[in-house]
Each structure stands twice: as structure tokens, then as C-alpha cells.
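Remarks on the overall topology
Here is how the chains run, residue by residue.
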Amino acid sequence: MEVFYTSKELKSRLSEIRTQGRSVGFVPTMGSLHSGHASLLHLAKSQSDAVVLSIYVNPTQFNNPDDFASYPHMLQDDLELAQLLEVDLVFVPETKDLYEGVPSAMPVDYGRLTHSFEGAKRQGHFDGVVAIVRKLFQIVQPSRAFFGEKDLQQLAVIRELARREFEDLEIVPCALIRDKDGLALSSRNVRLSPVERTVALQLNRSLMRLKMAAAKGLGGVLALNTEQLELKNTPGIDLEYLDVIDPETFQTAEPDRWSQGHAVLAVNLGSVRLIDNLFLGE
Ligand code: AMP
């Protein structure tokens, strides 16, 4: 495994790899790797000749400075896991290599994709995501890039970015990975107290009940309101949103379309913000 700390050295190595006719698969992350990231890397290995993993906590996608300051950093553990997973190249850039001067991001307007739900609750978040992913795509020039359905709206935004600016690049969606008890894996989970972690199990339970309602043809305003109330009334949970959407447009899904929709939610548990989602169809 080769580790690169500058884009210049990485680009030069990647151009050798491409000259040999080898395909490059790319998995961008913010590190503190867990089994969710490992599943992306595993899929990337199976579909590429050389896999690039990037580890960079991107300042411009954080709307909350405390969240940025407390984001976990575990570089040595991450490198050990990457080695075990037989990742070929790891890119650990410094901010000054990616941004000139003070890091900033241009506004991005992909309609509801960038302005609803996560885009509405985290002002500027997708501006930062698009800015960093665009820069990384330009550096790595992969033929495939792998993104988790855990961040369903981010996946839709990146697909739109690729459609507009990187037409030869294939965006590969990867299934959301959960802990045995149902909690969606997230690097932020390490910041949950034991009590908060138990409370967090309500998220998956609410999503599962919506899926059951949809399967019985009972999807609709009543089922949604019941779960919204359930979460709002759970001590410790501050509900930001729970809705059912079309995953391509992020329009709210009409109840008769729930079987093609995803339930999406965001909550705050103490100082930790969690998101989750579930496909409501078969
Ligand atoms: P992050 O390091 O949180 O920015 O995530 C890097 C990539 O891993 C993104 O494409 C995420 O969607 C994906 N990812 C994070 N958590 C999970 C999970 N539990 N299951 C599947 N993919 C995930």
C-alpha cells in the first residue's frame, strides 16, 4: 500500500497506473473508518484494478464549527485497516494543497437536491461537498467512484455533479451498513454516550415501522405523523426531519408511491447529529 500526502505525487503515480491500462476506483472518506467504509472499499476492489482511498476532513462542508472541531481523527488505525483491506493507494492531503487561502466553497444550486432536507438544515453543506469532491475527482480522475447510500442525498448530489461535469465517471452506490442492533454505522457514533446510543436505536425502529406500514398499504400522513411524534416524544431526541422521498429528486413521495420511496431522517442526540434512511419497497 502506498500513502501519498501531496496531490502532485499522487497524480504522477496515477498517471503511471493509467498508462499501464489499469482502471482506477475511488473511495473518498473523512476517515475514522468503520465497516461501512470497508464495504465501499471491498466493492471498489472488486470493480477496479487499483483502489484509491482518500482521508480528509473537509472544513467547507461543516456548517457547525463544533462538529468540525470534534470530528474524530484516527489516521493510524485507518491506515492499518486500509492495509488489511489491500487498498492500493491512500491519499491524505493537507488543506493548503486543496484550497488556496482560507478554505471556501462556491454556492451550488441543483434545486431540491442541494436545497431540501440536509441542504436546508445544514446551510452550505452541499457547497462544501461538491467543492471537495470535484477537486478530488480532478486529482484522482477515477473511472468509478463509490458512495454510500447512508448519505442518500449526498449520493444524489454527486450523481448530478458527475452528470454535469464528469460524464465518463461512473458513480457506484453502496448499501447502507448497520450495526447488529440496527444503528446505521457512522464515524460520529463514537461520540454517543451509552445512553444516547441506546436511544439512537429508535431511529431504525421508526424507519422499520414505516416500511411495515408501506408493505401493508397503510403508508400515508397518519403513519408518518405517528412516527414523527414518537421520535419527538423520545427523551434525548431532537427531530430535525422525518419524511418519505423519491431518492432521485428528493421530492416528498405521495403515499401511493411509498413503495418506491425512501424514508429519510435527521436527529440531534445531545451534541451528535445523526442521519438514517430506509427503502420502503420490497
Ligand atoms: P464519511 O467518511 O462519513 O464522509 O463517508 C465516506 C463514504 O462512506 C460516504 O460515501 C458515505 O456514504 C459512506 N458511508 C458512511 N457510513 C456508511 C454506512 N454505514 N454504510 C455505507 N456507507 C457508508
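Residues numbered from 1 in each chain as written. Predicted model: local features only at pLDDT ≥ 70, side-chain atom pairs only at ≥ 80, totals over all residues. Heavy atoms only, no water.

**Quick notes on the overall build of the protein**
Helix and strand counts for the protein come out as twelve helices and nine strands. When its C-alpha atoms are laid out on the principal axes, the protein stretches across 60 × 35 × 35 Å. Among the 282 residues that make up the protein, the fraction classed as buried is 53%. A total accessible area of about 13700 Å² is found for the protein, and carbon and sulfur atoms account for 51% of it. Taking the average location of the 29 positive side-chain charges in the protein and that of its 38 negative ones, the two points are 1 Å from each other. (Helix = DSSP H or I, 4+ residues; strand = E, 2+ residues; numbered from the N terminus. Buried < 20%, exposed > 50% of the residue type's maximum accessible area, 1.4 Å probe, protein only. Areas by Shrake-Rupley, 256 points an atom, 1.4 Å probe, with all protein chains shown as cover. Lys, Arg positive; Asp, Glu negative; His and termini not counted. Charge placed at Lys NZ, Arg CZ, Asp CG, Glu CD.)

**Overview of the site of the ligand**
If you check the shell around the ligand, you find 17 residues, and the closest are His-37, Gly-148, Asp-151, Ile-177 and Leu-185. For the ligand, an oxygen atom lies 2.9 Å from a polar atom in the backbone of Gly-148. Contact distances for the ligand include 2.7 Å between an oxygen atom and a side-chain N or O atom of Asp-151. In the complex, 92% of the free accessible area of the ligand, which totals 490 Å², lies under the protein chains. Contributing elements (two or more residues each) for the shell around the ligand: strand E2 (24–29), helix H2 (35–47) and strand E5 (144–148). Top element by residues in the shell around the ligand is H2. It accounts for three residues. For the shell around the ligand, the per-class residue count stands at nine nonpolar, six polar and two charged. (Near = heavy atom within 4 Å. Polar contact = N/O pair within 3.5 Å; in protein donor to acceptor, adjacent residues only side chain to side chain. Nonpolar A, V, L, I, M, F, W, Y, C, P; charged D, E, K, R; others polar.)

**Things to note about the pattern of salt bridges**
One pass over the structure, following the stated rule, counts 17 salt bridges. The closest approach of N and O atoms between Asp-67 and Arg-188, which form a salt bridge, is 2.9 Å. Taken as a pair, Asp-67 in helix H3 (residues 65–69) and Arg-188 in the loop between strand E6 (170–174) and helix H10 (194–199) lie far apart in primary sequence, 121 residues in all. On the basis of relative accessibility, which here comes to 11%, the residue Asp-67 falls in the buried class. With a shortest N-O distance of 2.7 Å, Arg-163 and Glu-160 are connected by a salt bridge. (Salt bridge = Lys/Arg side-chain N within 4 Å of Asp/Glu carboxyl O.)

**Section: the packing of aromatic side chains**
Here the structure, examined in full by the defined rule, presents seven aromatic pairs. With a centroid separation of 6.3 Å and 70 degrees between ring planes, the pair formed by Phe-26 and Phe-137 is classed as edge-to-face. Placement of the pair is Phe-26 in strand E2 and Phe-137 in helix H8 (residues 125–140), with a sequence separation of 111 residues. Exposure class is identical for Phe-26 and Phe-137. Each is buried. (Phe/Tyr/Trp six-rings, centres within 6.5 Å; stacked < 30°, edge-to-face > 60°.)

**Some remarks on the sheet that holds strand E7 (residues 237–245)**
One open sheet accounts for three strands, arranged E7-E8-E9; its pairing is antiparallel. Edge positions in the sheet fall to E7 and strand E9 (272–279), since each of these pairs with one other strand and no more. Looking at each pair of strands side by side, their axes are set apart by 10 degrees on average, direction ignored. In this sheet, strand E8 (residues 262–269) lies alongside E7 in antiparallel orientation, the contact comprising eight bridges. In the strand pairing of E8, Asp-238 is matched with Asn-268. Set on the sheet, helix H11 (residues 201–215) makes contact with E7, E8 and E9; between it and E9 the angle comes to about 25 degrees. (Pairing = 2+ DSSP bridges. Axes fitted to C-alpha atoms, helices over the stretch in contact; angles between N-to-C directions. Contact = heavy atoms within 4.5 Å.)

**Observations concerning the domain arrangement of the protein**
Once the domains are mapped, the protein shows domain 1 (2–174) and domain 2 (187–277). Domain 1 and domain 2 are separated by 26 Å when their C-alpha centres are compared. By the criterion of area lost to domain 2, the three top residues of domain 1 are Arg-112, Phe-117 and Leu-152, representing 33% of everything that side buries. Where domain 1 packs against domain 2, one counts three salt bridges. Across the contact surface, domain 1 and domain 2 share ten residue pairs in polar contact (both at pLDDT 80 or more). Elements with a contribution of two residues or more to the side of domain 1 that touches domain 2: helix H6 (112–115), helix H7 (118–121) and helix H9 (152–165). Taken together, the residues of the side of domain 1 that touches domain 2 break down into seven nonpolar, seven polar and eight charged. (Domains from an automatic or database assignment. Buried area = accessible area lost by both parts, 1.4 Å probe.)

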